[in-house]
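# Structural overview
Residue strings, one per chain:
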Amino acid sequence: MYDPLHLAKCTVCFAALILLTKLLLDLMIICLLLISWIFFAPINKGNPLKVVIGTFILSFIIFAFNPMEARTIQFAGYEWEVKNGTTGPGPNHWSDSTESVWVDENGRLHLKIRNVDGTWYCAEVKTKQPAKFGIQRFKIDSRFDQMGENVIIAMFLYKDDTHEIDIEFSKWGDPQSRFNSQYVIQPAHHEGNLYRFQTTLNGGYSTHYINWQNDQIIFKSFHGHYDEPPYQHFL
């Protein structure tokens, strides 16, 4: 259960921290630029070593403080950022290649795990706009009940590791696991915040949603692509 007032206070503190961090980074950039100018000054033109060091410092400034923007896609009326690099959860390798993440001509999003030269690359996207209270609905076309025990499909709302709501499908590395699905509200160790169950599909289509409200969170999963299940046995 989340306290909106507490979250608002946290947001203000977090914004202040971001502003302070940016000011410190700007000051650091100015200092580095001054140092690099010393190495590039006309009096040092005859010193190759100082020119090399100055070039290194300028390159560090460009790539460390002005990283390449992440690839973005348009899907379901939102702008999504495509994950790339080696990072958590995991550790995993993530690819922003168009062979890993793409939207087809019918407007459907595809996320593909690929093996590239012996290394497995995962796929993930996240909205650039924050989620709001309401229903977050996910319609899937995949037999995730038949996938390998080391594969995870996850749909989630995430702020940080203690403010997260998940629908996850996986056997978590155990091929004999009795469960392949779970609903989670972090912190998961709190009583009632984790519900595990077995999902068996009768086709590729399934719908899952998180109904996030101020005073409650409701999960639902059912067969087919519907806003709500047309029959009780579809649940």
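Structural data are supplied above this passage.
Owing to the predicted nature of the structure, the values given are computational and were not obtained by experimental measurement.

## Structural notes on the side chain of Asp104
Its location among the elements puts Asp104 in the loop between strand E5 (101-103) and strand E6 (109-111). Of the residues examined, Asp104 reaches a relative accessible area of 13% and is grouped as buried.

## Concerning the pattern of salt bridges
Going through the model one piece at a time under the given rule, you end up with 7 salt bridges. Notably, a salt bridge pairs Arg137 with Asp227, separated by 3.8 Å at the nearest N-O pair. Residue Arg137 is found in strand E10 (residues 134-141), and its partner Asp227 is found in the segment after strand E16 (217-223); the two are separated by 90 residues along the sequence. For Glu228, the salt bridge goes to Lys220, with nearest N and O atoms at 3.1 Å. By sharing partners, the salt bridges in this structure join Arg137, Lys139 and Asp227 into a single network.

## Some remarks on the nonpolar core
The biggest cluster of nonpolar side chains holds 14 residues, and the ones touching the most others in it are Ile165, Ile167, Phe169, Ile210 and Phe219. Put simply, the parts of the chain that give this core at least two residues each are strand E11 (153-160), strand E12 (163-169), strand E13 (181-185) and strand E15 (205-212). Top contributing element to this core by residue count: E12, with 3 residues. Counting 6 residues, the second-largest nonpolar core is a separate cluster that includes Ile73, Trp80, Val82 and Ala123.

## Brief notes about the sheet that holds E16
Whenever strands of a sheet pair, they do so through backbone hydrogen bonds, lying parallel or antiparallel. In space, the 3 strands of this open sheet follow the order E10-E15-E16, with antiparallel pairing throughout. The open sheet has two free edges, formed respectively by E10 and E16, since each of these has just one partner strand. Between one strand axis and the next, the sheet turns through 15° on average, direction left out of account. As defined by bridge partners, E10 adjoins E15 across 8 bridges and the pair is classed as antiparallel. Its bridge partner being in E15, Ile135 is matched across the sheet by Asn211.

Here is what the cut-offs are and how they apply
Residue indices follow the written sequence of each chain, beginning from 1 at its first position. Local features in a predicted model are, by the rule used here, given only for residues with pLDDT of at least 70; side-chain atom pairs are given and counted only at 80 or more, and totals for whole chains, interfaces and linings are based on all residues. By convention in this description, side-chain values take in all heavy atoms of the structure and omit both hydrogens and water. The way it works is that DSSP assigns letters per residue, a run of H or I at least four long becomes a helix, a run of E at least two long becomes a strand, and they are numbered from the N terminus. When accessible area is computed with a 1.4 Å probe and restricted to protein chains, residues below 20% of their type maximum are described as buried, those above 50% as exposed, and intermediate ones as partly exposed. By salt bridge we mean one thing: a side-chain nitrogen of Lys or Arg within 4 Å of a carboxyl oxygen of Asp or Glu. Buried Ala, Val, Leu, Ile, Met, Phe, Trp, Tyr and Cys residues form a nonpolar core when they are joined through side-chain atoms within 4.5 Å. Note on pairing: DSSP must find at least two bridges between two strands before they are called paired. Only the stretch in contact is used when fitting a helix axis, every axis being a line fitted to C-alpha atoms; angles between N-to-C directions are given from 0 to 180 degrees.

It is worth stressing that arrangement in space is one thing and function is another; only the former is reported here.
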